[in-house]
Amino acid sequence: GAMIRSLDRGIGEVLAALRDNGLEENTLVVFSSDNGGAGYIGIPSVNQPYRGWKMTFFEGGLHSPFFMKWPAVLPAGGTVDTPVSHIDVFSTAAAAAGAPLPDDRVIDGVDLIPYATGRAEGDAHDALFWRSGDLQVVMADGWKLQVDGRQGKHWLFHLDTDPTEKKNRAEAEP
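What you see is a predicted model, and the numbers here were worked out from it, not measured in a lab. (Residues numbered from 1 in each chain as written. Predicted model: local features only at pLDDT ≥ 70, side-chain atom pairs only at ≥ 80, totals over all residues. Heavy atoms only, no water.)

Novice: Outline unusual backbone geometry, listing residues and values.
Specialist: For the bond running from Q48 to P49, omega is 10°, close enough to zero to count as cis. Inspection of the secondary structure assignment puts P49 in the loop between strand 1 (29–32) and helix 2 (59–62). Unlike most non-glycine residues, M55 shows phi in positive territory, near 70°. If you trace the backbone, M55 turns up in the loop between strand 1 and helix 2. With phi around 50°, D141 is a residue other than glycine that occupies positive phi space. Within the secondary structure layout, D141 lies in the loop between strand 4 (135–140) and strand 5 (143–148). (Helix = DSSP H or I, 4+ residues; strand = E, 2+ residues; numbered from the N terminus.)

Pasting the structure below:
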């Protein structure tokens, strides 16, 4: 509770400083978390309805807040229904600043502003990938495959019909 209160106050101070300095309307503010709530805090339902928690690749660990505020450009209360990732922050900030992306490397992130303003439709990414040690995950076309190479386990979920990952379809859909 204290951490949330401190975070709330700190964000309030940043937003107040932008407002007080006449920068609120034309400043892109991104607020996000890198993961879902931690399982070690002793609250089994911390990420309900999603399965899993921080340090897992189930939706309880991956499905996390991602908010953008830019009053001069983004409509208040809008939502984006396509999966996005932190890799998108760089491309979005560069586009907001009018800066070109480097052309000497592949940039995996996309500019989210067209999605947030309704100028782009569909998925922002063909696929998203995660990896940590022997765990590998890909999310594409509404499906999410998670492979644990150390234990030889596979999980396959169709997130469009099973967003809480209750039915592992790895055996039925090899």
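Back to the write-up after that little detour.
Novice: An account of the nonpolar core is requested, with residue identities and associated values reported.
Specialist: Nonpolar side chains tend to gather and get buried jointly when the protein is soluble and globular. If you look at the biggest cluster of nonpolar residues, it comprises 5 residues: F58, M139, W155, F157 and L159. The residues touching F157, leaving out its near neighbours within four places in the chain, are R51, F58, G142, W143, K144, D162, E165, K166, K167 and N168. (Core = buried A, V, L, I, M, F, W, Y, C linked by side-chain atoms within 4.5 Å. Buried < 20%, exposed > 50% of the residue type's maximum accessible area, 1.4 Å probe, protein only. Contact = heavy atoms within 4.5 Å.)

Novice: Summarise the side chain of D88; cite the residues concerned and give the values.
Specialist: For D88, the location among the structural elements is in helix 3 (residues 87–97). Within the buried core, D88 has no salt-bridge partner, and the shortest N-O distance to an opposite charge, that of R119, equals 14 Å. From its side chain, D88 meets the backbone nitrogen of V110 in a polar contact 2.8 Å long. Among the polar contacts made by the side chain of D88, one reaches the side chain of H125 at a distance of 2.8 Å. (Lys, Arg positive; Asp, Glu negative; His and termini not counted. Salt bridge = Lys/Arg side-chain N within 4 Å of Asp/Glu carboxyl O. Polar contact = N/O pair within 3.5 Å; in protein donor to acceptor, adjacent residues only side chain to side chain.)

Novice: Give me the lowdown on the sheet that holds strand 6 (residues 153–158), citing residues and values where you can.
Specialist: Whenever strands of a sheet pair, they do so through backbone hydrogen bonds, lying parallel or antiparallel. Read across the sheet, 4 strands follow the order 3-4-5-6 without closing on themselves; strand pairing throughout is antiparallel. The outermost strands of the open sheet, each flanked by one partner alone, are strand 3 (127–132) and strand 6. Taking the axes of each pair of neighbouring strands and ignoring which way they run, one obtains an average angle of 10° across the sheet. Summarising the sheet, strand 5 and strand 6 pair through 6 bridges and their orientation is antiparallel. Bridging across to strand 6, W143 finds its partner in H158. (Pairing = 2+ DSSP bridges. Axes fitted to C-alpha atoms, helices over the stretch in contact; angles between N-to-C directions.)

Novice: Give a detailed account of the side chain of E165, specifying residues and quantitative values.
Specialist: Turning to its location among the elements, E165 is positioned in the segment after strand 6. Relative accessible area serves as the criterion here: at 1%, E165 is assigned to the buried category. In this structure, E165 is in contact with R51, F58, E59, K144, F157 and L159, ignoring residues within four places of it in sequence.

Novice: Outline the pattern of salt bridges, supporting the account with residue identities and numerical values.
Specialist: Across all of its chains, the model carries 5 salt bridges by this definition. One salt bridge in this structure joins E59 and K144, with 2.8 Å as the shortest N-O distance. Linking E59 in helix 2 with K144 in strand 5, this pair joins segments that are 85 residues apart in sequence. The burial state of E59 is the same as that of K144; both residues are buried. Each member of the salt-bridge network shares a partner with another, and the members are E59, K144 and E165.

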